[in-house]
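Listed here are the chains, written in short residue letters.
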Amino acid sequence: MVVEPVKLEAYKSEITPTWCPGCGDFAVLRGVHTALARLKIKSENVVISAGIGCSSNLPGFVNAYAFHGLHGRSLPIANGIKLANTDLTVIATGGDGDGYGIGLGHFIHSMRRNINITYIVMNNQIYGLTTGQASPTSERGMVTKSTPSGLLEVPVNPIALALISGATYVSRGFSGNPDHLSTTIENALSHKGFSLVDVLSPCVTYNKIQTYQWFRDRVYTLEDEEHDTNDLKQAMSKSYEWESKIPIGVFYKADKPTYDADEPALQDGPLVNQPLDTGKRIAEQLLEEFT
Amino acid sequence: MSKHEVVIRVGGAAGDGIASTGEAFAKICSRSGLHLLAYNSYQSVIRGGFIYLQLRAGRDKILSHGNKVDFLIALNPLEFQRNIVDVVSGGAVLYNSDKIKPDPDKVPKGVTLCPLPVNEILKDIGRNPILQNTVALSSLVQLLDLDVNVMNAVIRDYFGKKKQSVMEINLKVIEAGYEYSKSNLPDFDFDLNPDYNTKRPVLTGNQALGFGSILAGCKFYCAYPMTPASSILHYLIAQSKKSGMVVKQAEDEISVINMAIGASFAGVRSMVGTSGGGFALMTEAIGLAGQTETPIVIINSMRGGPSTGLPTKTEQGDLFQAIGASQGDFPKVIIAPSTIEDCFYSTIEAFNLADQFQIPVIILSDLFLSEHMESIGNLDFNSTIERGEIVTSNDSDKLYRRFQYTDTGVSPRAFPGTSGTVFQASSDEHDDYGNIISDVFTDSEIRIKIMLKRMRKMKFIAEQLPAAKLEGPADADLTIVSWGSTYNVVHEAIQILQNNSKSVNHLHIKYLIPLQKGIKEILSNSKDTLIIEANYTGQLSKLISMETGFQINHTLFKYDGEPFYPNQIIDKVEDLI
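Residues numbered from 1 in each chain as written. Chains lettered and ligands numbered in written order. Predicted model: local features only at pLDDT ≥ 70, side-chain atom pairs only at ≥ 80, totals over all residues.

Visitor: Please clarify how the sheet that holds strand β21 (residues 529-533) of chain B should be interpreted in this entry.
Guide: In a beta sheet, neighbouring strands pair by backbone hydrogen bonds and run either parallel or antiparallel. All names here are of chain B. The sheet built from five strands is open, its strands ordered β17-β19-β18-β21-β22 with mixed pairing. The open sheet is flanked by β17 (470-471) and β22 (554-557), the only strands paired with a single partner. Those strands touched by helix α15 (residues 487-499) are β18 (478-483), β19 (504-509) and β21, and its axis lies near 175° from that of β19. Contacts between helix α17 (residues 539-548) and the sheet are confined to β18, β19, β21 and β22, with β21 contributing the most and set at about 130° to the helix. (Pairing = 2+ DSSP bridges. Helix = DSSP H or I, 4+ residues; strand = E, 2+ residues; numbered from the N terminus. Contact = placed C-beta atoms within 7 Å. Axes fitted to C-alpha atoms, helices over the stretch in contact; angles between N-to-C directions.)

This is the structure we're talking about:
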């Protein structure tokens, strides 16, 4: 049997990305196209949700169902989609403001569920679409439009947060290393459980500090080290490396029960396939309970 | 002449077991073929506070929890004193005489004291403070001349599954209490006319909303705990295995509604439930549902506002919040069910409207409607499920247009996983394919076209909804206008007024957005008009004025947190005509 190789082109949508030339998000988009192509997942079985922000436009550039929702709410939408149809491959996307700022609560609680979805965060440490305000991952002291005297808060550490919140695939990619990024996304999609891919995705317009070069001077891949991805403590320790050396790759990976597999009401298969008339069949029985 | 209905009040503190006592009595009534209505007045505490449960039962349909009390069961001295003033002449107080020593001067004339020496009654059985409730209840069953075996059966069912020993103790307590009452307490002339061959289902509004959603084929219910909506969550999770519904408690109401929108987008009927504060958090996503044309049913069980307000008290103060929920204009429906049965049917209807028109549908209940128990008549289970037009495959060469411009404004939906239908649903303004038009350049022509498409639905919704109906004599001297949970109490008041030769009719409004047809015509033909609302500003009155230009003459607004009593309405009407 000859299997037709799945081409990357099949996963590209008709729409041309509107990002600034050089934006880190292009590499993420390519990573998503590549991962889907390699895994040969049919377009019609993929749903990508997004919030609001430059990066949240990504789903529109992929030939898959897209739900472009509210700022910060990409994960709840993805949770709902997955619970309604566990046969779908569900990806949530967004930026650091979307996921680690306004939507931070959903980030933590989605990880607690270890629900089988992949969350890709394009982390550029700045608000791009609103023209350059401080973000939850901006460095303390950073001067931005909203912090002219320097930011007075320390950044959120998404990797550490993911590790303590129950995510079972915790990884970081870098747009300057697109091949590694594609593989990281591919493995995240194959993982059963909540997978995080935090992507260092430079904003070439509003972040003049964390540039491609700034990252290139610091980034190294965990896969090249003797890093044990089963070791939560080692992962935790790696998650604190930032100033001079920044690890990318998989920090932690575990095989743990997932919400969607254990939910009692999903034991007969995806909700979307269940009969609508169950209520009618049990109505008399339900009424009897009220007497 | 013997009385055919009875009003009972159980007064105590949180933690005294009032709710379970009430539930047991409700079951006894249910299995005695009696009608019943019970209202629980409580506070936001787990222990202490002033709590009472008022139950009214009889052979005919009960429309409110009544005015004055026939039997007061006082569980502590404070409640004895607080509530005794509401007992009618000829009524009685049942109390544990070991704990409560009444001051005879403070007992109103005509009220009989019925002391229950609980320790003496239970001397051979055991001591547990909560058993005093069983003593009081069995005494009440005796005084009302109901079959004690029905009470035994109810207690057996209640404890049977849990603890055999506790059940046996309670059965002994019932016997002792019943016998004590028979030998020591006076006769009261009640004939409730029980029919032990009839069982009347007793349910709360929230149970009816939940039950309705199961019948409607809802497969995803999401909520964050909030009084008075939480019992929808409790009811649905208890039925989850049978109904096959995923019932999810999420981290906050923002997540709640977004999850439900996600589930609905993926193809399952989805519902959320909350109260005003949680509804406020859901607001932005209600617009998202409107914009992405994702069907969803949202229950807001209103409680006293503003802010966290009166967490355990009733109000109809969220109508404007519901009307104004979310920025911009988009089609939506707001339904206010009037009775327990109507909660059941309205939920089924809400799902059908949501699916047919691909819109958010808001159900406005309130604490009284959601939480009070009531016996109901037969329910019709033959409702149909209308999912609207759904695309099951697209084999043509043409790309699927999820938001295709149509005459009705409704475009056939496709769920993810359907071949040839990949599309984008977008919160940002988009074209008929779902592609965003906001970023590159804002195409005003498409913007107008897609707005017209969405808003066109409202015309068809308005045509489909039933017209407003006037109940009672067309030439009455006064028309009472009301909405939501006040339907039954207004009816009771009108019945009494008619017996006093007052001619009053009733316009009850169920569909608020779009406002039902025919309201202006009815009101223009009325001799005089009075609106009754449980809020401060008269939100429906303002809505009617906005939509029809008609100004209602008189108002009766109540915002003390308690539901209307029939007498409050009667007094107001008697002032007017």
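Moving on from the model shown.
Visitor: Even after reading the chapter, I still don't get the interface of chain B and chain A, so can you show me in this structure?
Guide: One widely used convention gives an interface's size as the accessible area the parts lose upon coming together. Facing 59 residues of chain B, the contacting portion of chain A comprises 52 residues. Elements with a contribution of two residues or more to the side of chain B that touches chain A: α1 (18-31), β7 (202-204), α7 (205-215), α8 (230-243), β9 (246-249), α9 (253-265), α10 (276-292) and β16 (424-426) of chain B. Counting residues per element, the side of chain B that touches chain A draws most heavily on α9(B), at nine residues. Its residues assigned to classes, the side of chain B that touches chain A shows 30 nonpolar, 17 polar and twelve charged. Pairing of strand β2 (residues 65-68) of chain A with β16(B) involves three bridges; the strand directions are parallel. Opposite A:H68, over in β16(B), you have B:S426 as the bridge partner. (Nonpolar A, V, L, I, M, F, W, Y, C, P; charged D, E, K, R; others polar.)

Visitor: I tried to follow the sheet that holds strand β8 (residues 246-253) of chain A on my own but got confused; where do I start?
Guide: Across the sheet, which stays open at both edges, the nine strands sit in the order β7(A)-β8(A)-β5(A)-β6(A)-β4(A)-β3(A)-β1(A)-β2(A)-β16(B) with mixed pairing between neighbours. The sheet terminates laterally at β7 (219-221) of chain A together with β16 of chain B, the two strands that pair on one side only. Strand-to-strand twist across the sheet, computed as the mean angle between neighbouring axes with direction ignored, equals 20°.

Visitor: Just checking my understanding: could you explain the domain arrangement of chain B for this structure?
Guide: Residue and element names in this part refer to chain B. For chain B, the assigned domains are domain 1 (5-184), domain 2 (202-375) and domain 3 (470-576). Averaged C-alpha coordinates put domain 2 and domain 3 at centres separated by 26 Å. Listed per partner, the contact involves 21 residues of domain 2 and 20 residues of domain 3. Only β12 (310-314), α11 (319-324), β13 (333-335), β14 (360-366) and α13 (367-371) provide two or more residues apiece to the side of domain 2 that touches domain 3. When grouped by side-chain class, the residues that make up the side of domain 2 that touches domain 3 number eleven nonpolar, six polar and four charged. (Domains from an automatic or database assignment.)

Visitor: Where do I start with the packing of helix α2 (residues 74-84) of chain A against helix α4 (residues 104-113) of chain A in this structure?
Guide: Two packed helices can be described by the angle between their axes and the distance between those axes. All names here are of chain A. It is at 8 Å that the axes of α2 and α4 come closest, and there the two elements cross at 35°. Together, L75, P76 and N79 of α2 and H106, F107 and S110 of α4 make up the contact between the two elements. Each residue belonging to the contact of α2 with α4 can be placed in one class, and the counts come to three nonpolar, three polar and no charged.

Visitor: Any chance you could explain the environment of B:G205 here in plain terms?
Guide: Residue and element names in this part refer to chain B. Its place among the elements puts G205 in helix α7. Through-space distance from the C-alpha of G205 to that of D431 is 41 Å; in sequence the pair is 226 residues apart. What G205 contacts, discounting residues up to four positions off in sequence, is I340, C343, S365, L369, S370, E371 and H372.

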